[in-house]
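Listed below are the residues making up each chain.
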Amino acid sequence: MKEQILKQINTNTEEENMAKNKKGRKSKSEHGGSDGYAMYRVVICDEANKALEDIVTKVNVGFDSGAITKSDVANFVFQNLVKHFSDADSKALRSLHFDDKKVLSTILKSEEDLPEDLKKAIRQHFGVAEKAPKKSAKPAIDLSTASSVDKSKTKDFVA
């Protein structure tokens, strides 16, 4: 009895999976990725989606031997992009996503003092004068030997 129920559940599951997939085959993620595929999700903007659709349309025109999907194009692009992705591309991407607050947060979390130019910029922004050097509580004594001593006001001491 258990075996019949389990067999029925497995049959129903396979039929549902095949019904979900238009071509009647299991989706790539359902067969465990044995052919190198697994399901991942990437969120793209409208402009990137439009570009994918344009490429899919362009590639499929006159291609009667198969069908290219957006996933096929995305996989092709990512696999080939890594070969041509330069340090300049890294810098450009970092520049697009630079976050001032995150930088400040990172600096504050570090155990080092704030850089002097950052301190100066913060003080300038808030209209606070730069810190004046600390004054000594005692006046400086002139110990130079270059100055003459006025002996007229001193008493001669005879022992």
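Residues numbered from 1 in each chain as written. Predicted model: local features only at pLDDT ≥ 70, side-chain atom pairs only at ≥ 80, totals over all residues. Heavy atoms only, no water.

Student: Mind showing me how you'd approach the overall build of the protein here?
Tutor: The helix and strand inventory of the protein stands at six helices and zero strands. N-terminal to C-terminal, the α/β element order of the protein is α-α-α-α-α-α. Buried positions account for 4% of the 159 residues belonging to the protein. Excluding contacts between residues fewer than 6 apart, the proportion of contacts in the protein whose partners are at least 24 apart in sequence is 6%. Counting only carbon and sulfur atoms, one obtains 57% of the accessible surface of the protein, whose full area is about 15,800 Å². (Helix = DSSP H or I, 4+ residues; strand = E, 2+ residues; numbered from the N terminus. Buried < 20%, exposed > 50% of the residue type's maximum accessible area, 1.4 Å probe, protein only. Contact = heavy atoms within 4.5 Å. Areas by Shrake-Rupley, 256 points an atom, 1.4 Å probe, with all protein chains shown as cover.)

Student: Would you explain a nonpolar patch on the surface in this entry?
Tutor: A cluster of nonpolar residues, F76, V77, F78, L81, F85, L93 and L96, forms a patch on the protein surface that exposes about 710 Å² of accessible area. Examining the composition of the nonpolar patch, we find that four residues originate from one element, helix α3 (residues 70-84), more than from any other. In this fold, L81 is placed in helix α3. (Patch = residues over 30% accessible without salt bridge, like charges linked within 9 Å, V, L, I, M, F, W, Y side chains within 5 Å. Salt bridge = Lys/Arg side-chain N within 4 Å of Asp/Glu carboxyl O.)

Student: I tried to follow the pattern of salt bridges on my own but got confused; where do I start?
Tutor: Close approach of charged atoms lets side chains of opposite charge pair. Under the counting rule described, the total for this entry stands at three salt bridges. Salt-bridge contacts for E53 lead to K70; the nearest nitrogen and oxygen are separated by 3.7 Å. In this pair, E53 is assigned in helix α2 (residues 46-60) and K70 in helix α3, connecting sequence segments 17 residues apart. The exposure class of E53 is partly exposed, given its relative accessible area of 36%. Classification of K70 by relative accessible area gives partly exposed; the value is 34%.

Student: Help me understand the packing of α2 against α3, please; the structure alone is not making it clear to me.
Tutor: For the pair α2 and α3, the least separation of the axes is 9 Å and the interaxial angle reads 105 degrees. Relative to α3, the element α2 lies roughly perpendicular. Between α2 and α3, the residues in contact are N49, L52, E53, I55 and V56 and K70, V73 and A74, respectively. Grouping the constituent residues of the contact of α2 with α3 by class yields five nonpolar, one polar and two charged. (Axes fitted to C-alpha atoms, helices over the stretch in contact; angles between N-to-C directions. Parallel < 35°, antiparallel > 145°, perpendicular 65-115°, else oblique. Nonpolar A, V, L, I, M, F, W, Y, C, P; charged D, E, K, R; others polar.)

Student: Is there a simple way to think about α2 in this case?
Tutor: Two residues of an α-helix separated by three or four positions point the same way, owing to the 3.6 residues in each turn. Taking 1.5 Å as the rise per residue, α2 with 15 residues should run 21 Å; its terminal C-alpha atoms sit 21 Å apart, in good agreement. Just downstream of α2 lies G62, where phi reads positive at about 80 degrees. (Expected span 1.5 Å × (residues − 1).)

Student: Explanation requested: the environment of V59 in the structure shown.
Tutor: If you trace the backbone, V59 turns up in helix α2. Judged by relative accessible area, which is 38%, V59 ranks as partly exposed. For the pair V59 and V73, spaced 14 residues apart in sequence, the C-alpha separation works out to 9.2 Å.

Student: What am I meant to see in helix α4 (residues 87-96) here?
Tutor: Little of α4 is tucked away: zero of the ten residues are buried. Of the residues that open α4, the one with a side-chain oxygen 3.3 Å from the backbone nitrogen of A88 is S86. (Polar contact = N/O pair within 3.5 Å; in protein donor to acceptor, adjacent residues only side chain to side chain.)

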